[in-house]
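The primary structure of each chain is shown beneath.
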Amino acid sequence: MKIMGRKHLVVVVALVVLMGGIEALTLCDMDDDGLMACKPAVTKPNPEAPSPPCCEALSGANLTCLCGYRNSFMLPSLGIDPDLAMALPAKCNLTPPPNC
Ligand SMILES: *[C@@H]1O[C@H](CO)[C@@H](O)[C@H](O)[C@H]1NC(C)=O
C-alpha cells in the first residue's frame with residue numbers, strides 16, 4: 001500500500017510541475033524566453049547577475065502580478081527562489097510595486 005501511495009504522489013507532483021510549466025509560458029507577461037534568461041539570476045545557491053535579455057523581459061512584465069506569486073508554490077516548483085525573484089526588479093534598475 002505504501003508503494004502505491006508513493007506512486008500516486010509522484011503523479012501529482014509531475015502534474016503540478018507540468019501545469020506550472022504551461023503557465024510559465026505566459027507568467028505575468030513574461031514569455032518562456034524571458035523566464036529562461038532570468039532563471040540563472042533567481043536560482044540558488046549561486047545566483048548570477050541578471051543578464052540584459054532578462055532585464056528586458058522583466059521590464060515588460062507585470063511586476064504586480066509577479067509579486068502575487070511571492071508566497072506561491074509555483075516559483076519553487078519552477079526552480080525559482082521567491083526571495084531572489086522579488087529582488088530581481090531592483091537589480092535591473094526597475095521599480096517594484098509598493099507592496100511587493
Ligand atoms: C497585472 O497583474 C495584476 C494582478 O494579476 C492585474 O490586476 C493587473 O491588471 C495587471 N496589469 C496589467 C497592466 O496587465
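Coordinates for the structure precede this section.
Cut-offs and rules
- Residues numbered from 1 in each chain as written.
- Predicted model: local features only at pLDDT ≥ 70, side-chain atom pairs only at ≥ 80, totals over all residues.
- Heavy atoms only, no water.
- Helix = DSSP H or I, 4+ residues; strand = E, 2+ residues; numbered from the N terminus.
- Buried < 20%, exposed > 50% of the residue type's maximum accessible area, 1.4 Å probe, protein only.
- Contact = heavy atoms within 4.5 Å.
- Areas by Shrake-Rupley, 256 points an atom, 1.4 Å probe, with all protein chains shown as cover.
- Disulfide = S-S within 2.5 Å.

Trainee: Even after reading the chapter, I still don't get the overall build of the protein, so can you show me in this structure?
Mentor: Looking only at helices and strands, the protein features six helices and zero strands. Moving toward the C terminus, one meets the helices and strands of the protein in the order α-α-α-α-α-α. Burial analysis of the protein (100 residues in total) assigns 34% to the buried set. Partitioning the intrachain contacts of the protein with sequence separation of at least 6 by distance along the chain shows that 63% fall at a separation of at least 24. When the accessible surface of the protein is totalled, it reaches about 6600 Å², and 64% of it is carbon and sulfur.

Trainee: Please clarify how the state of the cysteines should be interpreted in this entry.
Mentor: Disulfides are covalent bonds that connect the sulfur atoms of two cysteines. Evaluated as defined, the whole model comprises three disulfides. Here Cys-28 connects covalently by a disulfide to Cys-65, the sulfurs 1.9 Å from one another. Negative torsions about the S-S bond denote left-handed disulfides, and the value of about -65° found for Cys-28 with Cys-65 makes this one left-handed. Note that Cys-28 is positioned in the loop between helix 1 (2-24) and helix 2 (32-38) and Cys-65 in helix 4 (residues 63-68), a separation of 37 residues in sequence. Residue classification places Cys-28 among the buried positions, given a relative accessible area of 5%. For Cys-65, a relative accessible area of 26% corresponds to the partly exposed category.

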